[in-house]
Amino acid sequence: MQSLQPDPKAQYRGVYEALKKMVLTEGLWRPLRGINVTMMGAGPAHALYFACYEKMKKSLSEIFQSGGNSHLANGIAGSVATLLHDAVMNPAEVVKQRLQMFNSPYTSVLSCVRTVRRTEGLAAFYRSYTTQLTMNVPFQAIHFITYELLQEHLNPRRRYNPGSHIVAGAVAGAVAAAATTPLDVCKTLLNTQENTALSSLNIRGHLSGMVNAISTVYQLGGIPGFFKGVQARVIYQMPSTAIAWSVYEFFKYFLTKQALEKKPSA
């Protein structure tokens, strides 16, 4: 849906229509294409992400607001954790998005990796890394601040409460996703190097850099072009962040409880 100049057969007016057309014309499993490479990257990326966030949040909170919860510390910790997360996920995103394009020439993850490496070099897997960070740093800052703010109201005692973790995670993901959609559109253009769109502006070679991406998106779609796919992005992020936070909070509770039970009583 974020394609700036889609094939006539791949023009959608909404999320439901997009899913329906994809299933009817390209098969039942088409909407899940690229899920395997996402799963491969998500495990180590999220492990680094939450470990870094938790450590930095505690350290910075002591500096900014000793004994309390600092929203500034949450935002900075989330932003720094994003550097590690995106270093792992960026190549996976490049492969996933190329597999998901309409009439994608790639038949599998391996064929996509080999073709991109051979024709564009290893740098292609990190062409959008700075753009991804430009998007994900504000995304995660908004995401973590919103989550922690909602937890203060929904779960002020900060106990393990699955309901509050799911609701706060979903809302935080939705707010952050909507706010950063313009940057996501630019990142998608850099990742996919959409030939039809670039050719219409007589752009030869590979598009690189955030400034060039912003200029290209504006020339092709104006201001509305920056919000292509906002609905799908919010719908995708809400369950994603809700699941991530609920799983994280569960294991945090479980492991903390196990550690306390193993401690010898005084």
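What counts and how
- Residues numbered from 1 in each chain as written.
- Predicted model: local features only at pLDDT ≥ 70, side-chain atom pairs only at ≥ 80, totals over all residues.
- Heavy atoms only, no water.
- Salt bridge = Lys/Arg side-chain N within 4 Å of Asp/Glu carboxyl O.
- Helix = DSSP H or I, 4+ residues; strand = E, 2+ residues; numbered from the N terminus.
- Buried < 20%, exposed > 50% of the residue type's maximum accessible area, 1.4 Å probe, protein only.
- Bend = angle between axes of the 7 residues up to and from the residue.
- Contact = heavy atoms within 4.5 Å.
- Phe/Tyr/Trp six-rings, centres within 6.5 Å; stacked < 30°, edge-to-face > 60°.
- Expected span 1.5 Å × (residues − 1).
- Polar contact = N/O pair within 3.5 Å; in protein donor to acceptor, adjacent residues only side chain to side chain.

Trainee: Before we move on, can you summarise the pattern of salt bridges with the specific residues and values?
Mentor: Evaluated as defined, the whole model comprises ten salt bridges. Two residues, Glu93 and Lys96, come together in a salt bridge whose shortest N-O distance is 3.1 Å. Of the two residues, Glu93 and Lys96 both sit in helix 3 (residues 71–100), three residues apart, roughly one turn of that helix. Like Glu93, the residue Lys96 is buried in the burial classification. A salt bridge links Arg158 to Glu148, with the shortest nitrogen-to-oxygen separation between them at 2.8 Å.

Trainee: Please set out helix 2 (residues 35–64) residue by residue, giving values where relevant.
Mentor: Its axis deflected by about 35 degrees at Ala42, helix 2 carries its strongest bend there, up to four residues before the proline Pro44. Inspection of helix 2 places Val37, Gly41, Ala45, Tyr49, Phe50, Cys52, Tyr53, Glu54, Lys57, Leu60 and Ser61 among the buried residues, and these make up the whole buried set. Residues of helix 2 that are buried sit in contact with helix 3, helix 4 (109–120), helix 5 (129–154) and helix 10 (230–262).

Trainee: Explain the packing of aromatic side chains to me, and be specific about the residues and the numbers.
Mentor: Tallied over the full model, the rule gives 14 aromatic pairs. Summarising the aromatic geometry, the rings of Tyr160 and Tyr253 are spaced 4.8 Å apart at their centres and angled 10 degrees between planes, so their arrangement reads as stacked. Remark: Tyr253 occurs in helix 10 and Tyr160 occurs in the loop between helix 5 and helix 6 (162–179); sequence separation between them is 93 residues. Residue Tyr160 is classed as partly exposed on the basis of its relative accessible area, which comes to 31%. Aromatic pair Phe250 and Phe254: ring centres 6.0 Å apart, planes at 15 degrees, arrangement stacked. Taken together, the residues span about one helical turn, with Phe250 and Phe254 both in helix 10 at a distance of four residues. For Phe250, a relative accessible area of 35% puts it in the partly exposed group. Given a relative accessible area of 36%, Phe254 falls into the partly exposed group.

Trainee: Describe helix 3, with residues and values.
Mentor: When the terminal C-alpha atoms of helix 3 are compared, their 37 Å separation across 30 residues is substantially less than the 44 Å that a helix rising 1.5 Å per residue should span. Met89 marks where helix 3 bends most, by close to 40 degrees; the proline Pro91 follows one to four residues later. One side-chain oxygen of the residue at the start of helix 3 lies 3.4 Å from the amide nitrogen of Leu72, identifying that residue as Ser70.

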